[in-house]
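Understanding the architecture of this molecule
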Amino acid sequence: MTRSLRAVRPTGKAPVTVRACAKVNLDLRVGARRPDGYHELSSVFLGVGLHDDVTVTPAKRWSLTVEGKHIDAVPTDETNLAWRAAVAVAEVGGVDEPLAIHIAKNIPVAGGMAGGSADAAATVLGCNTLWEVGLDRSEMLSICARLGSDVPFCLTGGVAVGRGRGEQLVPVLSHGSFHFVFAASETGLSTPAVYAEYDRLHEASGTRPDDPTLNPDLLVALRSGDAYALARTLHNDLEGAALSLHPQLGELMEAGIEFGALAGIVSGSGPTVAFLAADQESALHLAIALTASGTSRQVRHTVGPVQGAHLVTSAGRR
Ligand code: C5P
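To keep things clear, this report deals only with the structure shown in the data block. (Residues numbered from 1 in each chain as written. Predicted model: local features only at pLDDT ≥ 70, side-chain atom pairs only at ≥ 80, totals over all residues. Heavy atoms only, no water.)

**As for the overall build of the protein chain**
Counting its regular elements, the protein chain contains 10 helices and 12 strands. Relative to the 2.2 N^0.38 estimate, which gives 20 Å for 318 residues, the radius of gyration of the protein chain is 20 Å and therefore close to what a compact globule would have. For the protein chain, the spread of C-alpha atoms along the three principal axes comes to 60 × 45 × 35 Å. Split into buried and exposed, the 318 residues of the protein chain put 53% on the buried side. If you take every contact in the protein chain between residues at least 6 apart in sequence, the share linking residues at least 24 apart comes to 77%. Of the roughly 13900 Å² of accessible surface on the protein chain, a fraction of 51% belongs to carbon and sulfur atoms. Charge separation in the protein chain, taken as the distance between the mean sites of 26 positive and 33 negative side-chain charges, equals 8 Å. (Helix = DSSP H or I, 4+ residues; strand = E, 2+ residues; numbered from the N terminus. Rg over C-alpha atoms; globule rule 2.2 N^0.38 Å. Buried < 20%, exposed > 50% of the residue type's maximum accessible area, 1.4 Å probe, protein only. Contact = heavy atoms within 4.5 Å. Areas by Shrake-Rupley, 256 points an atom, 1.4 Å probe, with all protein chains shown as cover. Lys, Arg positive; Asp, Glu negative; His and termini not counted. Charge placed at Lys NZ, Arg CZ, Asp CG, Glu CD.)

Shown next as structure tokens:
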């Protein structure tokens, strides 16, 4: 879908800032590995209020900068997914204009909360706006899907079921807000390593993963807005693999339950643990108790669902 090439000279346009949220998988069912190396999924995504802000500015040369805590592992070159997102929009839009990309990082890095995917989704929207490429929602979603399995959800946010490798989204009805406390573990876990461990554990036990199917009780719980009902349905097929690679996660999960969480679940491929709390008060209590006990170095209280990538500032909105 490359548009006709148009020469874009540095325009002096104002920077565009886009906010993108983290996600938690409320129900992650993982099927067998496909011939393309990905796993067939059924995932219920929920966007949560932890967010990164990505600012794109026309520049003389390409660059990427990051600010925030624990950002050592974030690449600042063309391998960063946000940089690749900008290049993808430039190619589709026929744009030839270097960009300075700045990421204000708030989502834990390598935590299974789709921080990198959120930055990529924000960059797609930011570049489409800055360069006035004119991509519609479905064109942006298709670029997002090429960049990574979680990137389309980070564009839409809210609550959605993801199928395929997670990129085919159908919105889900939900009522009210749910309070989560995210507790990050000391060391990050790589997503491919966790999926590989999932395969290894199945091979070792001589089992084959079930075809991924959605739990209907979860959809009922989301519609009712009942945190207790939702807590009973949280499920992550990757949890065993994440725990196998990082056994300390078990202690973190136990501590959260002891401090009053309704349920705890490894977020995506981990190693962040997402605890669901009954309400705001118990979430605050849980966050304080987890921090005070020293069980986790980064504890964050947040609420979902929230919308996906959206403009915070752009030339037209100043
Ligand atoms: O799509 P994304 O680049 O985010 O995926 C990162 C890695 O996670 C893939 O290379 C693959 O190892 C694993 N993955 C998978 N099945 C999925 C999604 C991701 O095996 N459905």
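**Topic: the pattern of salt bridges**
Think of it this way: side chains of opposite charge can pair up when their charged atoms draw near. Taken as a whole, this structure holds nine salt bridges when the rule is applied. When the shortest N-O distance is used, the salt bridge between R34 and D36 registers 2.8 Å. On the accessibility criterion, D36 (48% relative accessible area) is partly exposed. In the salt-bridge network here, residues are joined through shared partners; they are R34, D36 and E40. (Salt bridge = Lys/Arg side-chain N within 4 Å of Asp/Glu carboxyl O.)

**Digging into the site of the ligand**
Lining the immediate environment of the ligand, one finds G37, Y38, H39, L41, G148, S149, R165, T191, P192 and Y195. Here S149 contributes a side-chain N or O atom positioned 2.6 Å from an oxygen atom of the ligand. R165 has a polar backbone atom sitting 3.1 Å from a nitrogen atom of the ligand. With the chains in place, 75% of the 450 Å² that the ligand exposes on its own is no longer accessible. Because more than half of its atoms lie within 2 Å of the grid, the ligand is assigned to the largest pocket. A per-element tally of the shell around the ligand places helix 5 (residues 191-205) first, with three residues. Considering only residue class, the shell around the ligand consists of four nonpolar, five polar and one charged. (Near = heavy atom within 4 Å. Polar contact = N/O pair within 3.5 Å; in protein donor to acceptor, adjacent residues only side chain to side chain. 1 Å grid on protein atoms, 1.4 Å probe; cavity = no way out; pocket = protein on both sides within 12 Å on 5 of 7 lines; lining within 4 Å. Sits in = over half its atoms within 2 Å of the grid points. Nonpolar A, V, L, I, M, F, W, Y, C, P; charged D, E, K, R; others polar.)

**Quick look at the pairing of strand 1 (residues 16-33)**
Within a regular beta strand, the side chains point alternately toward one face of the sheet and then the other, so they alternate between its two faces. Summarising burial for strand 1: 14 of the 18 residues are buried, a large majority. Inspection of the sheet shows strand 1 paired to strand 12 (residues 310-313) by three bridges, in the antiparallel sense. Paired with V18 across the strands is L311, a residue of strand 12. In the sheet, strand 1 pairs with strand 8 (residues 235-236) via two bridges, with the strands oriented parallel. Along strand 8, the bridge assignment pairs L28 with N236. (Pairing = 2+ DSSP bridges.)

**Here's the deal with the packing of aromatic side chains**
Applying the stated criterion to the full structure yields three aromatic pairs. The interplanar angle of 15° and the centroid separation of 4.8 Å between the aromatic rings of F45 and F153 together place this pair among those described as stacked. Of this pair, F45 sits in strand 2 (residues 39-58) while F153 sits in helix 4 (residues 151-156), and the two are 108 residues apart along the sequence. Here F45 and F153 have matching classes, each one buried. Ring geometry for W62 against W83: centres 5.9 Å apart, planes inclined by 20°, an arrangement best described as stacked. Linking W62 in the loop between strand 2 and strand 3 (63-67) with W83 in helix 1 (residues 81-93), this pair joins segments that are 21 residues apart in sequence. Across the ring face of Y38, the terminal group of R165 is positioned such that the distance to the ring centre comes to 4.9 Å. (Phe/Tyr/Trp six-rings, centres within 6.5 Å; stacked < 30°, edge-to-face > 60°. Lys NZ or Arg CZ within 6 Å of the ring centre and 35° of its normal.)

**Remarks on the sheet that holds strand 11 (residues 298-304)**
Neighbouring strands of a sheet are bound in pairs by backbone hydrogen bonds; such pairs are parallel or else antiparallel. With antiparallel pairing, the four strands of this open sheet are ordered in space as 9-10-7-11. With partners counted over all chains shown, the strands left at the sheet margins are strand 9 (263-266) and strand 11, one partner each. Across the sheet, the axes of successive neighbouring strands diverge by a mean angle of 25°, strand direction being ignored. As paired elements, strand 7 (residues 178-184) and strand 10 (residues 273-277) share five bridges and run antiparallel to each other. Paired with A183 across the strands is V273, a residue of strand 10. The strands touched by helix 9 (residues 248-258) within the sheet are strand 7, strand 9 and strand 10, with strand 10 carrying the most contacts at an inclination of about 10°. This element, helix 10 (residues 280-292), spans strand 7, strand 10 and strand 11 of the sheet and lies at about 10° to strand 7. (Axes fitted to C-alpha atoms, helices over the stretch in contact; angles between N-to-C directions.)

**Comments concerning the packing of helix 2 (residues 115-130) against helix 3 (residues 137-147)**
It is at 10 Å that the axes of helix 2 and helix 3 come closest, and there the two elements cross at 145°. Of the two elements, helix 2 crosses helix 3, and the hand of that crossing is right-handed. Across the interface between the two elements, A120, A121, V124, L125 and N128 of helix 2 pack against M140, I143, C144 and L147 of helix 3. Along the lines of polarity and charge, the residues of the contact of helix 2 with helix 3 split into eight nonpolar, one polar and no charged. (Left-handed = near helix turned anticlockwise from the far one by under 90°.)

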